[in-house]
Each structure stands twice: as C-alpha cells, then as structure tokens.
Amino acid sequence: MPSYTVTVATGSQWFAGTDDYVYITLVGTEGCSERTLLDKPLYNDFERGAVDSYNVKVDENLGDVVLVKIEKKKYWMQDDWYCRYVTIKTPCGDYVEFPCFRWLVDDKEVVLRDGRAFLPQDDKTSIVKQHRQKELDQRRKAYRWKEWQPGFPLSIDANRHRDLPRDIQFDSEKGVDFILNYSKAIENLCVNSFMNMFQSSWSDFADFEKIFVRIKNTISEYVMQHWKEDFMFGYQFLNGCNPVLICKCTELPDKFPVTNEMVSVSLERDLTLEQEIKLGQDPDENPIFLPTDGQYDWLLAKIWVRSADFQHHQNITHLLRTHLMTEVFGIAMFRQLPAVHPVFKLNQNHLCRRIRCFLMCFVKANATGGGGHIQLVQKATKTLTFRSLCFPDMIKSRGMDSTEELPTYFYRDDGYKVWEATKSFVSDVIGIYYTSDERVQGDEEIQAFVKDVCSFGMQDFDHCEFPKSLKTRDELVEYLTVVIFTASSQHAAVNFGQYDWCSWIPNAPSTMRKPPPKEKGQVDVKTIIESLPDRGRSSWHLGAVWALSQYQENELYLGMYPDEHFIEKPVKDAMGKFRKELAEITRSIKRRNEEKKLPYYNMSPDKIPNSVAV
C-alpha cells in the first residue's frame, strides 16, 4: 500500500497553534486519498512553531499530487490556526511543496496548489482551473469594496479591525508591540504627568523641554536647538517628513501679493520679483510676514507654515498617498489574483500588513480632525494620478530633478536608487513568467487586477489617469514597481522620521489654539505659547509620533522574503541579487551620512519595512 509522508509547519506568531482536529486530503492526477485525520497518539499536534510529519496511506498511487485540501474542525473551543506550508514526500521519494501562509478560521478548509507560479493561460487541466476560479470567488466575497468617505479612494468593507479577513489583520504581537511603544513613550518621555492637563498652557519655549528631557535622538535634539533658524525651516521641505511639496518656481503666478521690495533682502543672484499683485485678500487684514519683520512676528508665521505642513503630511502625504493607496492595491490583488499567480506571490509581502486604525485616530485628533481632514483628502484625491506615484515622474514634475541646482536633496537621490533597484528586481521576476508582451495581454487576471484598481479603487475618477489595462511587460514592471515602492519605500520616507522632526512641538504643532495674527507688531512670546498646543495635547502628540516612528521587533525590511511563496530557483536568484543591490545602497547612504550633522536615512533600505505597518 503506497504511503505519502505529509509534513505540516505551523506559524511561530502568537496564537498560531491549534488544538482543533486537522484533516488532509491529497488530490492527484490519477486519484485522491481519503480524508485523513492528522494526529499522533500522546502528542500535542500543531503547536506554535512546530513542524509535524504524518503518514497518509492510499490504496493506489495518486499520480502527480496537484492539490492538498486541509480542513480544521472544532475540538473544544474554536481555535484559529496559522499554517505555513505543507510538504508531501511521494512513494517515489520526490518532495512537493505547498505554500500556505494563511489562517484557518472556524470550521473552514483551504485548498493549496504546489509552490510553482502559473499564469491563468498556463493552466491546462479542469481541476486546477476550477480551483483557481473557486479561490477568486471566495476571495471576492471576503474582500468587498466600500466607500469610506465621498471622494476618497474606496476601502475594504470593514468597520472595525476585527471585521477584516483574518489574513490581513495585524498580528497580535505587532498590535501589542505598538501599544507598548506608545505606553513606553508616555512613561520614558516623562509626559504622563501632563496627559490630563488640557487647556493648560506651557510657560515658555524652555517649558517644552519638560517632555523632551529623555530624548537621545541626534536629529530631534538638533531640531530643538535650531528650529528658529530660517535654514532649518527651509531644509525640512527637502529632507524632513514631508519632502514632496517643494517645487521649482519658473514664473510668478498671475496673482501674488509680494513685492520685490518686500523680499529683496532675502534674494540672491540679483533675482527680482516681476510684479506686485493680489490674491483676492486684503493685505491690511492678512499681512504678508517677512524675515525683516519683528522677531516674533516672523517666528509665529513660520510656526503656522510648519503646522499647515504637518496637516498636509499626515492627511495627504502619509494617509492618502501611502496607506489608502496601499489598501486599494491590496484589495484589488486579493479580489483578482489567486495565490498561484506570480504577481500575487510577488506582492504578498508588501500588501498583506495594512492597518490604518491608529493613524486615523491621530489624524482625527489633529487640527483638521473636526472634518477638515476629510476635505483635505477629498481635494488631494482630485490631483492623485498614477504618474504622481511613479517616483521619477513625481520628482521631475516638481522641477526637482537637477542635482546641480539642489545638491542636498537626499530624499530624491536615495529614492532614485531604491526605485531603480526595485524596478530591476520586478523586471527580473516578471521576465521569468512573461516571455513576451502577448503574455501580458493574454493574462486575464492581471488585466482584471489593474481594472479593479482604476474602476473600483479609484472609482474611475476622470483625473486619476490610472491604466485600465496593460499591454507590455514594461508597463507591467512599472505598475508593480509603483505598488511595491508605495507600500514600502515611500511610506518609510514619510513615516519613520516623524519623531526626528515632529517631537519638538513648536517645530510641528498638530494644533494651533489661536488664529493667525492680522496685525504686525502685536506678537510676543506669550502670544506664541498661547497659540501652541496645550500640555495635554503636546504630550499626546509626542507619544503618538514616537509610536508611529518605531520599528517592530521582528520587522521585515525591503528584500527580506522569509515566507517562500516562490519555490523556483530563478526567482530566488533574483531576490538574492535584489538584496545585494539594496545592501550597496545602504552602504553608500551610510558613508554619506557620516559627514552630515543632519544625516538622512529614511530611504536607506535597511530602514524600509516591506510594507505599510502603522
């Protein structure tokens, strides 16, 4: 009687193991086994991190094993189980790998194909075609589109985190780790005594140091010491948390209420402003503040700009253009690409860890949280185009691509390198499965994925210019580079520097308690302090930016693929090449930073997690 050895690996994350009954059925080209209970006498099966082996006896050889069906049935209490993979050793001694990397919830089953990737046009037998379609039908029921707010990209149909499909929920230890980071911030930064002191103002700027006392961060300390300087004010638009707004101005707008005389003291290279014009505002009621004005007039004006930049960063640069867009790509992927598709395998590590719960709480607690955040995102969505997510295009469209004019725009320089390395990796993988442009055109699943992003995720907005189909391999490579870069590198660039640049409250106030001044010469230190966030809000802000900026203990960084969704050697070779290129980029950034008082490392590959995490 032939016997197959079945090896089952359980995940190592919290609560991955199960005491439920687990059954397996092997489906081959010449028959299938009986439904077999996987159980060893006097042994605790399927414990967290365990790799267990069992014998499955059959009456006759099954031929090539093409599917493995795993079922979980309740034993005592309902017990979710995370299965990493199943390996089958055939009677001939051959090994067949069946990647799983998913949760089995309730009394559910999962049917796995072997680890080779296949395009839909390459499936020839009815059994694998039916499995492919059934998987997508089930996914589309679980991953449904929903309008979160009018004018937003669509989101997943889930009101709470626990309503999300189990496979994309935040791992328990990561959620606990995030909460502990926030609690640790409150304790270690000595802010717990101020948390309940809302409406209570600080006494002066030095008073803010009471919640800044234990900071050991070089950049944040430098910001605290130099935040009043015009150099620091301008530098942040290049390499701070929000380095995506600054643009080259080639001509003055038609209406611009600044005269040449106003700014002549700040101009260099004999530049002049062309004319004095107005924006429909009364300069007497809304004065234009200048570096030549009083010390505190100019300082408060810069604080207002920094606060506005903070709102733009959190709502648009961070929430909309990384979190919400990653969610759009992720939902479309789950709805249109089965696990056996090479693009699903490629994107799995980049699109399966999405959570916007805490970020949304933070956004709502800021100055625009009373509804202004919705208006900001709605307005920004109207200018969100596919090309604006292509890093080189985005840089060029803002006139920021010249290294001669801007030699210290490190966000641009590092971003170029990471973009090209990512694009090269994607190209290597795509070339393995798509040997011609016709293969792209004939892949109905990849075409459905792209169309789902545009027609549903972006609601077919006329302005978005997202493609509805792809015709060439180059187009597919660029599209997938956008997906991976947005979820990993771009998010890292605008998220993990928040503590560096925003922990010194006067440099990035999340709220302003007084309106902007309408007269010059009336501002003093007391006015500024009363405008800045109170003690309670400052403390909450500091804890939040600390928590958002922390890496998870078991973080997976760009290029790390420990879950082997691919089993093919050419893909593994491409991954190894990708890691080498990223390591060289990391070394070059480290060498440059050694000479800098303000090092820039937010685009360093060793600090870029694989996906959006917080």
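Cut-offs and rules
- Residues numbered from 1 in each chain as written.
- Predicted model: local features only at pLDDT ≥ 70, side-chain atom pairs only at ≥ 80, totals over all residues.
- Heavy atoms only, no water.
- Helix = DSSP H or I, 4+ residues; strand = E, 2+ residues; numbered from the N terminus.
- Buried < 20%, exposed > 50% of the residue type's maximum accessible area, 1.4 Å probe, protein only.
- Contact = heavy atoms within 4.5 Å.
- Areas by Shrake-Rupley, 256 points an atom, 1.4 Å probe, with all protein chains shown as cover.
- Pairing = 2+ DSSP bridges.
- Axes fitted to C-alpha atoms, helices over the stretch in contact; angles between N-to-C directions.
- Patch = residues over 30% accessible without salt bridge, like charges linked within 9 Å, V, L, I, M, F, W, Y side chains within 5 Å.
- Salt bridge = Lys/Arg side-chain N within 4 Å of Asp/Glu carboxyl O.
- Lys, Arg positive; Asp, Glu negative; His and termini not counted.
- Charge placed at Lys NZ, Arg CZ, Asp CG, Glu CD.
- UniProt positions renumbered as here; feature names shortened; annotations may be inferred.
- Phe/Tyr/Trp six-rings, centres within 6.5 Å; stacked < 30°, edge-to-face > 60°.
- Lys NZ or Arg CZ within 6 Å of the ring centre and 35° of its normal.
- Expected span 1.5 Å × (residues − 1).
- Bend = angle between axes of the 7 residues up to and from the residue.
- Core = buried A, V, L, I, M, F, W, Y, C linked by side-chain atoms within 4.5 Å.

Moving on, we get to the overall build of the protein. A count of helices and strands for the protein gives 18 helices and 11 strands. Residues counted as buried form 55% of the 614 residues belonging to the protein. Within the protein, contacts between residues separated by at least 24 positions form 75% of all contacts whose residues are at least 6 apart in sequence. When the accessible area of the protein is evaluated, it comes to approximately 27700 Å², of which 50% is carbon and sulfur surface.

This next bit is on the environment of Y600. Tracing the chain through its elements places Y600 in the segment after α18 (569–593). In this structure, the C-alpha to C-alpha distance between Y600 and G497, residues 103 residues apart in sequence, is 9.2 Å. Not counting residues within four places of it along the chain, the set of residues in contact with Y600 comprises N239, F410, Y411, D414, A493, I589, R592 and N593.

The strand order across the open sheet formed by four strands is β5-β1-β7-β8, and the pairing between neighbours is antiparallel. In this open sheet, the two edge strands, each paired with only one partner strand, are β5 (51–57) and β8 (95–104). Ignoring strand direction, the axes of neighbouring strands in this sheet form an average angle of 20°. Inspection of the sheet shows strand β7 (residues 81–89) paired to β8 by eight bridges, in the antiparallel sense. Bridge pairing in β8 places W81 opposite L104.

As a further point, take a nonpolar patch on the surface. Side chains of Y21, L37, Y75, W76 and M77 sit close together on the surface and give an oily, nonpolar patch of about 620 Å² of accessible area. One can find Y75 in the loop between β6 (65–73) and β7.

A positive phi angle, close to 50°, is found at F101, a residue other than glycine. Among the secondary structure elements, F101 is positioned in strand β8. Although it is not a glycine, Q459 adopts a positive phi angle of roughly 55°. Locating Q459 in the fold gives a position in the loop between α13 (444–457) and α14 (473–495). Residue class for Q459 comes out partly exposed when judged on its relative accessible area of 26%.

Where like charges cluster on the molecular surface, the negative patch consists of E30, E34, D59, E60, D64 and D94. Within the secondary structure layout, E30 lies in the loop between β2 (21–28) and β3 (31–32).

Its location among the elements puts D563 in the loop between α17 (535–549) and α18. The class of D563 is partly exposed, set by a relative accessible area of 23%. Each C-alpha atom of the pair D563 and R84 lies 7.9 Å from the other, and the pair is 479 residues apart in sequence. Ignoring anything within four residues of it in the chain, the contact list for D563 reads Y82, R84, F101 and N349.

Time to look at the UniProt feature "binding site: Ca(2+) 1" (unreviewed entry) in the protein. Per the UniProt entry, the sites bearing "binding site: Ca(2+) 1" (unreviewed entry) are G17, D79 and D80 in this numbering. The greatest C-alpha distance among the residues just named is 8.2 Å, despite their covering 64 residues of sequence, which places them together in space. With respect to the helices and strands, the residue D79 is situated in the loop between β6 and β7. Leave out the neighbours within four places in its chain, and D79 touches G17, T18, D19, D20 and K72. By the element assignment, D80 lies in the loop between β6 and β7. Exposure remark for D80: the relative accessible area of 24% places this residue in the partly exposed category.

Moving on, we come to the pattern of salt bridges. In total, this model carries 30 salt bridges according to the counting rule given. A salt bridge links D20 to K72; the shortest N-O distance between them is 2.8 Å. With D20 in the loop between β1 (3–10) and β2 and K72 in strand β6, the pair connects residues that are 52 residues apart, well separated along the chain. With a closest N to O distance of 2.8 Å, R116 and D114 form a salt bridge. The exposure class assigned to R116 is partly exposed, which follows from its relative accessible area of 43%. Note on D114: relative accessible area 8%, which makes it buried.

On to the packing of aromatic side chains. Any two aromatic rings considered together are summarised by their centre-to-centre distance and by the angle between their planes. Within the structure shown, the criterion is met by 26 aromatic pairs. Between F391 and Y411, the aromatic rings sit 5.3 Å apart at their centres with planes inclined by 70°, giving edge-to-face as the arrangement. One end of the pair, F391, is in helix α10 (residues 391–397); the other, Y411, is in helix α11 (residues 410–433), with 20 residues separating them in the sequence. Grouping residues by exposure puts F391 and Y411 together as buried. When its relative accessible area of 0% is taken as the criterion, Y411 is described as buried. Here the aromatic cluster, defined as three or more aromatic residues joined through ring pairs, consists of F391, Y409, Y411, Y416, W419 and F485. A cation over a ring is seen here: R35 above Y23, with NZ or CZ 3.7 Å from the ring centre.

Moving on, we get to the environment of Y416. Within the secondary structure, Y416 is located in helix α11. Expressed as a C-alpha distance, the spacing of Y416 and M603, which sit 187 residues apart in the sequence, is 9.7 Å. Setting aside residues no more than four positions away along its own chain, Y416 makes contact with F391, P392, I395 and D401.

Moving on, we get to helix α6 (residues 295–336). End to end, α6 covers 58 Å across 42 residues, agreeing with the expected 62 Å (1.5 Å per residue, within 8%). Of all the bends found along α6, the most pronounced is centred on L319 and spans about 50°. Burial analysis of α6 places 36 of its 42 residues in the buried class, the great majority of the element.

Ranked by size, the top nonpolar core spans 118 residues in total, and within it F329, Y411, F449, F466 and Y479 carry the most contacts. If you tally residues by element for this core, the top one is α6, at 15 residues. Ignoring any residue separated from it by four or fewer positions in sequence, one finds F329 in contact with L351, L389, F449, V453, F466, Y479, V482 and V483. Counting residues in each nonpolar core, the second largest holds 24 residues, with I24, L26, V86 and L112 among its members.

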